[in-house]
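# Fold and geometry: a report
These are the residues of each chain, in order.
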Amino acid sequence: MGRTNPTYRDVLRALDNQWSDYRRGLRREDQQRFDQLFAYIRAHADASGYLNHTEPFYPALVSIDLEQEARFDELESRLAQVENEIASIEGEE
């Protein structure tokens, strides 16, 4: 027996193909950013496949949001570390 629905990774490949003209129209640095967004989506493809949503773009957007939230957390942590180092240097003076 075959699957009645394509896998999320199959749908994702189709979505990537649908956006290929748009990607081609972007500036080179934006193409790299666009590619990174699809890397974020692929990183969460297993979870998105479990959802089996009728509109594959919604789990793709949530995947991007999750990855960007992780980047914000990392940057906030790094910023706090830099602020603490500056405060300790200023305290020594």
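Residues numbered from 1 in each chain as written. Predicted model: local features only at pLDDT ≥ 70, side-chain atom pairs only at ≥ 80, totals over all residues. Heavy atoms only, no water.

Our next topic: the pattern of salt bridges. Pairing between side chains of opposite charge can happen when the charged atoms of each approach one another. One pass over the full model with this rule turns up 8 salt bridges. Residues aspartate 35 and arginine 23 are paired through a salt bridge, measuring 2.6 Å at the closest nitrogen-oxygen approach. Separated by 12 residues along the polypeptide, aspartate 35 in helix H3 (residues 28-43) and arginine 23 in helix H2 (residues 20-25) bring together distant segments of the chain. Accessibility expressed as a relative area gives 26% for arginine 23, which makes it partly exposed. Aspartate 30 serves as the salt-bridge partner of arginine 27, at 2.9 Å between the closest nitrogen and oxygen. Through salt bridges that share partners, Arg27, Glu29, Asp30 and Arg33 make up one connected network. (Salt bridge = Lys/Arg side-chain N within 4 Å of Asp/Glu carboxyl O. Helix = DSSP H or I, 4+ residues; strand = E, 2+ residues; numbered from the N terminus. Buried < 20%, exposed > 50% of the residue type's maximum accessible area, 1.4 Å probe, protein only.)

Here we come to the packing of aromatic side chains. Within this structure, the stated rule accounts for 5 aromatic pairs. Their ring planes at 40° and their centres at 6.4 Å tell us that tryptophan 19 and phenylalanine 34 sit as a pair that is tilted. Taken as a pair, tryptophan 19 in the loop between helix H1 (8-18) and H2 and phenylalanine 34 in helix H3 lie far apart in primary sequence, 15 residues in all. Classification of tryptophan 19 by relative accessible area gives partly exposed; the value is 29%. On the basis of relative accessibility, which here comes to 9%, the residue phenylalanine 34 falls in the buried class. Here the aromatic rings of tyrosine 22 and phenylalanine 34 are separated by 6.0 Å at their centres, their planes lie at 50°, and the arrangement is tilted. With a gap of 12 residues between them, tyrosine 22 in helix H2 and phenylalanine 34 in helix H3 connect regions that are remote in the sequence. Looking at tyrosine 22, the relative accessible area reads 47%, which means it is partly exposed. (Phe/Tyr/Trp six-rings, centres within 6.5 Å; stacked < 30°, edge-to-face > 60°.)

This part is about the UniProt feature "coiled-coil region" (unreviewed entry) in the protein chain. Mapped onto the present numbering, the UniProt feature "coiled-coil region" (unreviewed entry) falls at residues 65-92. In residues 65-92, the share of helix is 100% and the share of strand is 0%. The end C-alpha atoms are 40 Å apart. (UniProt positions renumbered as here; feature names shortened; annotations may be inferred.)

A positive phi is found at asparagine 52, a non-glycine position, where the angle reads about 50°. For asparagine 52, the location among the structural elements is in the loop between helix H4 (45-51) and helix H5 (57-92).

Next up on the list: the environment of asparagine 5. If you trace the backbone, asparagine 5 turns up in the segment before H1. In this structure asparagine 5 comes out as partly exposed when scored by relative accessible area, which is 37%. Asparagine 5 sits 38 residues away from alanine 43 along the chain, and the two C-alpha atoms are 21 Å apart.

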